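# Commentary on secondary and tertiary structure
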Amino acid sequence: MASLILVTTSQAITISDTDALRIGKKIWQNECNGTISGLTSWNPGEDFASLGIGHFIWYPQGKRGPFEESFPKLVTFISDHQVNVPNWLLPPRSCPWSSRAEFERAQNSPQMIDLRNFLAGTVDLQAQFLVERLEHALPRMLVETAPENRENVQQQFERVASSAQGSYALVDYVNFKGEGVLHTERYRGQGWGLLQVLEQMRGTTAGNAAVKEFAEAARVTLIRRVKNSPPQRGESRWLPGWLKRVNTYATP
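Here is a short report on the structure shown in this document.

About the thresholds
- Residues numbered from 1 in each chain as written.
- Predicted model: local features only at pLDDT ≥ 70, side-chain atom pairs only at ≥ 80, totals over all residues.
- Heavy atoms only, no water.
- Disulfide = S-S within 2.5 Å.
- Buried < 20%, exposed > 50% of the residue type's maximum accessible area, 1.4 Å probe, protein only.
- Salt bridge = Lys/Arg side-chain N within 4 Å of Asp/Glu carboxyl O.
- Helix = DSSP H or I, 4+ residues; strand = E, 2+ residues; numbered from the N terminus.
- Pairing = 2+ DSSP bridges.
- Phe/Tyr/Trp six-rings, centres within 6.5 Å; stacked < 30°, edge-to-face > 60°.
- Lys NZ or Arg CZ within 6 Å of the ring centre and 35° of its normal.

### Notes on the state of the cysteines
- This model, assessed by the stated rule, comprises 0 disulfides.
- Here C32 is not disulfide-linked; the sulfur of C95 is the nearest cysteine sulfur, at 16 Å.
- Residue classification places C95 among the buried positions, given a relative accessible area of 4%.

### Comments concerning the pattern of salt bridges
- A full pass over the atoms with the stated rule returns 13 salt bridges.
- Here E179 makes a salt bridge to R140, at a shortest N to O gap of 3.3 Å. On the criterion of sequence distance, the pair formed by E179 in the loop between α9 (164-177) and β4 (186-187) and R140 in helix α7 (residues 137-144) is long-range, its members being 39 residues apart.
- Within this structure, E68, K73, R133, R140 and E179 form a network of salt bridges that share partners.

### Here we look at unusual backbone geometry
- Residue P91 follows L90 across a cis peptide bond; omega there is -15 degrees.
- Structurally, the position occupied by P91 is in the loop between α3 (71-80) and α4 (100-105).
- Of note, H55 is a non-glycine position whose phi angle comes to about 45 degrees, a positive value.
- The topology assignment puts H55 in the loop between β2 (49-51) and β3 (56-58).
- Note on H55: relative accessible area 12%, which makes it buried.
- For Q82, which is not glycine, the phi dihedral falls at a positive 60 degrees.
- The topology assignment puts Q82 in the loop between α3 and α4.

### Structural notes on the sheet that holds strand β1 (residues 40-41)
- Judged by pairing direction, the sheet is antiparallel, and its 3 strands sit side by side in the order β1-β2-β3 without closing on themselves. The sheet is open, and its two edges are formed by β1 and β3, each paired on a single side.
- Across 2 bridges, β1 lies against β2 in antiparallel orientation. Looking at the pairing, T40 lines up with L51 of β2.

### Considering the packing of aromatic side chains
- One pass over the structure, following the stated rule, counts 16 aromatic pairs.
- Ring centres of Y168 and Y249 lie 5.7 Å apart, and the angle between their planes is 85 degrees; this geometry places the pair in the edge-to-face category. One end of the pair, Y168, is in helix α9; the other, Y249, is in the segment after α12 (239-247), and 81 residues separate them in sequence. The two residues Y168 and Y249 agree in class, both being buried.
- The interplanar angle of 40 degrees and the centroid separation of 5.8 Å between the aromatic rings of F214 and Y249 together place this pair among those described as tilted. Note that F214 is positioned in helix α11 (residues 208-228) and Y249 in the segment after α12, a separation of 35 residues in sequence.
- Between the NZ or CZ atom of K26 and the centre of the ring of Y168, over which it lies, the distance is 4.0 Å.

No statement about biological role is implied by the geometric values presented.
Dropping the structure here:
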């Protein structure tokens, strides 16, 4: 079964390097307003740095949370492509800044400038890293979902992936909110990742109709996440921005 899923995935999503860069630049706009300074961020109320065009998560030493850490994986990916990586990032290690306050104080430090230059110079590879994550997402989602849901999840994935705009929506959402396969990324037993969005979809038409349904399912999923979230996290403050981002899916 696993090999069949892997074969289907390769057929379902094929994105050229040119399209990957185009998608990556749109995600950079979503995450950082397309700015160089936005490549090194640490959002208020969070326990991790958010780096690169995809705001890849990087936890400090000794800290972990419910969200999947992705920046060390990005560093390995870029290094594997024979690109020079700052020595202090290799081998992939924990974030050297232990808090948001420390991170903010270091904004003009040589180390932060080095990090920002590294990220600004590898936008193409970061875009390819985002696409590769999506390419591996479908098998993980099919394993996680209930057996009776697998056919629908695969069909919905392929519906959305059949257009350039749909490919952007899938790449952005899986980077934005994950695959939805981690049980730590759930509130009251309900997730908010790509899997949960696809599980809600039931349509059969490809193209623009599929992307519009995906955007609406994503909107519903994110609203549910906020309703289920612990009140102390104050996630309602982020919802307008999340929904604005999801609205870009249905707008070529």
